[in-house]
Amino acid sequence: MKNMKSLLEEAGKIIQISNFTIAFTGAGISVESGIPPFRGEHGLWNKYDPQVLDLGYFLNNSERSWLYIREIFYDFFAEAKPNQAHRVLANLESNKLLNAVVTQNIDNLHYEAGSKTVYEFHGNSKKLKCLKCGQVYDAKDIDFENIPPKCVHDGEVLKPDFIFFGEGIPHDAYADSFAAAEKAEVCIIVGSTGEVTPASYVPRTAKQAGATIIEINPDETIFTSSITDIHLKGKAAETLNKLQEILF
Ligand code: APR
């Protein structure tokens, strides 16, 4: 059984020689920013019913849905800041050691950490959209005291610009993510159970295209036993920080 130091050195060498590297991130990378994951011991789905993010339910119960959405995604997320894990991925990109981040997260923290090429597979909570006229609003301009928020043009309920269960993946994010996965020589999976599709097909596509899979997660996941080549068993911030120390 190799120890963490030798695994980190092995991962560092592979990243150094890779011509195209992507990161695939999930809720686990934002846990150290204070945002709870969806699954696991302190998972949001233990406390809230995922139904509030079902598109059909939202359209028929927008006020009730919005009360939970505000609590989960605007009260919680609003103050969250990028942590060292987000910053290391941005540093890897600026040092030409990472080409793209494919994220399932809607918290905008990769952009706030300085990453430039980010494919947001599930959208972004910082924008809201009118379901009737398509007008886009910035979350910081919305008065969340009045729920559900309404469009100033036609009074229609606004929906957060992230995807709900039952909704399609944003076309460009989908196409860009799989195109990057096909080209990847390395895919670094950070903080995802891999339980949600089609997002979890992104690292699987990279694997099928011949990429080496490096997984950063304190736990084992369905990726670990199926596609992971190097499992760096640890939290995202400290593990990526150690990797950065090896790389530059
Ligand atoms: N560092 C790294 N990984 C961590 C940390 C940490 N500090 N803390 C927890 N994790 C790991 C957990 O072990 C788990 O494997 O992060 C993962 C979180 O899993 P999920 O909550 O299922 O997150 P994710 O895989 O991103 O969920 C995918 O599900 O509900 C939908 O749309 C939502 O994007 C989300 C999707």
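Cut-offs applied
- Residues numbered from 1 in each chain as written.
- Predicted model: local features only at pLDDT ≥ 70, side-chain atom pairs only at ≥ 80, totals over all residues.
- Heavy atoms only, no water.
- Phe/Tyr/Trp six-rings, centres within 6.5 Å; stacked < 30°, edge-to-face > 60°.
- Lys NZ or Arg CZ within 6 Å of the ring centre and 35° of its normal.
- Buried < 20%, exposed > 50% of the residue type's maximum accessible area, 1.4 Å probe, protein only.
- Helix = DSSP H or I, 4+ residues; strand = E, 2+ residues; numbered from the N terminus.
- Pairing = 2+ DSSP bridges.
- Domains from an automatic or database assignment.
- Contact = heavy atoms within 4.5 Å.
- Buried area = accessible area lost by both parts, 1.4 Å probe.
- Salt bridge = Lys/Arg side-chain N within 4 Å of Asp/Glu carboxyl O.
- Polar contact = N/O pair within 3.5 Å; in protein donor to acceptor, adjacent residues only side chain to side chain.
- Nonpolar A, V, L, I, M, F, W, Y, C, P; charged D, E, K, R; others polar.
- Axes fitted to C-alpha atoms, helices over the stretch in contact; angles between N-to-C directions.

For the structure on display, the rule yields 13 aromatic pairs. Ring pairing ties together the aromatic residues Phe58, Phe73, Phe162 and Phe164, which thus form one cluster. Above the ring of Phe164, the side-chain terminus of Lys159 is found at 4.3 Å from the ring centroid.

This part takes up the pairing of strand E2 (residues 100–103). Burial of E2 is two-sided: the residues Ala100 and Val102 facing one way and the residues Val101 and Thr103 facing the other way are all buried. Relative to E2, strand E1 (residues 21–25) runs parallel, the two sharing four bridges. When the bridges of E2 are listed, Thr25 appears paired with Thr103. Relative to strand E3 (residues 118–120), E2 runs parallel, the two sharing three bridges. Bridging from a neighbouring strand, Val102 pairs with Tyr119 of E3.

So, on to the domain arrangement of the protein. Interface size is commonly expressed as the accessible surface area that is lost when the partners come together. Here the protein is described as being made up of domain 1 (1–34 + 81–122 + 169–248) and domain 2 (36–79 + 124–162). Of note, the centres of domain 1 and domain 2, computed from C-alpha atoms alone, are 27 Å apart. Facing the 13 residues of domain 1 at the interface are eleven residues of domain 2. When domain 1 packs against domain 2, the two sides together hide about 1,000 Å² of surface, and 59% of this comes from carbon and sulfur. Counting the surface domain 1 buries against domain 2, the share from its top three residues, Ala27, Lys81 and Ile106, is 41%. In this structure, the connection of domain 1 to domain 2 is made through one salt bridge. As a salt-bridge pair, Arg39 and Glu195 come within 3.6 Å of each other at their nearest N and O atoms. At the boundary of domain 1 and domain 2, one finds four residue pairs in polar contact (both at pLDDT 80 or more). By residue class, the composition of the side of domain 1 that touches domain 2 is four nonpolar, four polar and five charged.

Within the secondary structure, Tyr74 is located in helix H4 (residues 62–75). In sequence terms Tyr74 and Phe144 are 70 residues apart; their C-alpha atoms lie 8.5 Å from each other. Setting aside residues up to four positions removed in sequence, Tyr74 forms contacts with Trp66, Ile69, Ser125, Lys127, Leu128, Ala139, Phe144, Pro160 and Phe162. At a separation of 2.8 Å, a polar atom in the side chain of Tyr74 contacts the main-chain carbonyl oxygen of Ser125.

So, about the sheet that holds strand E5 (residues 136–138). With antiparallel pairing, the three strands of this open sheet are ordered in space as E5-E4-E6. Both edges of this open sheet fall to E5 and strand E6 (158–162), since each of them pairs with a single strand only. Averaged over all neighbouring strand pairs, the angle between strand axes comes to 40°, with direction disregarded. Two elements, strand E4 (residues 123–130) and E5, share three bridges in a ladder whose sense is antiparallel.

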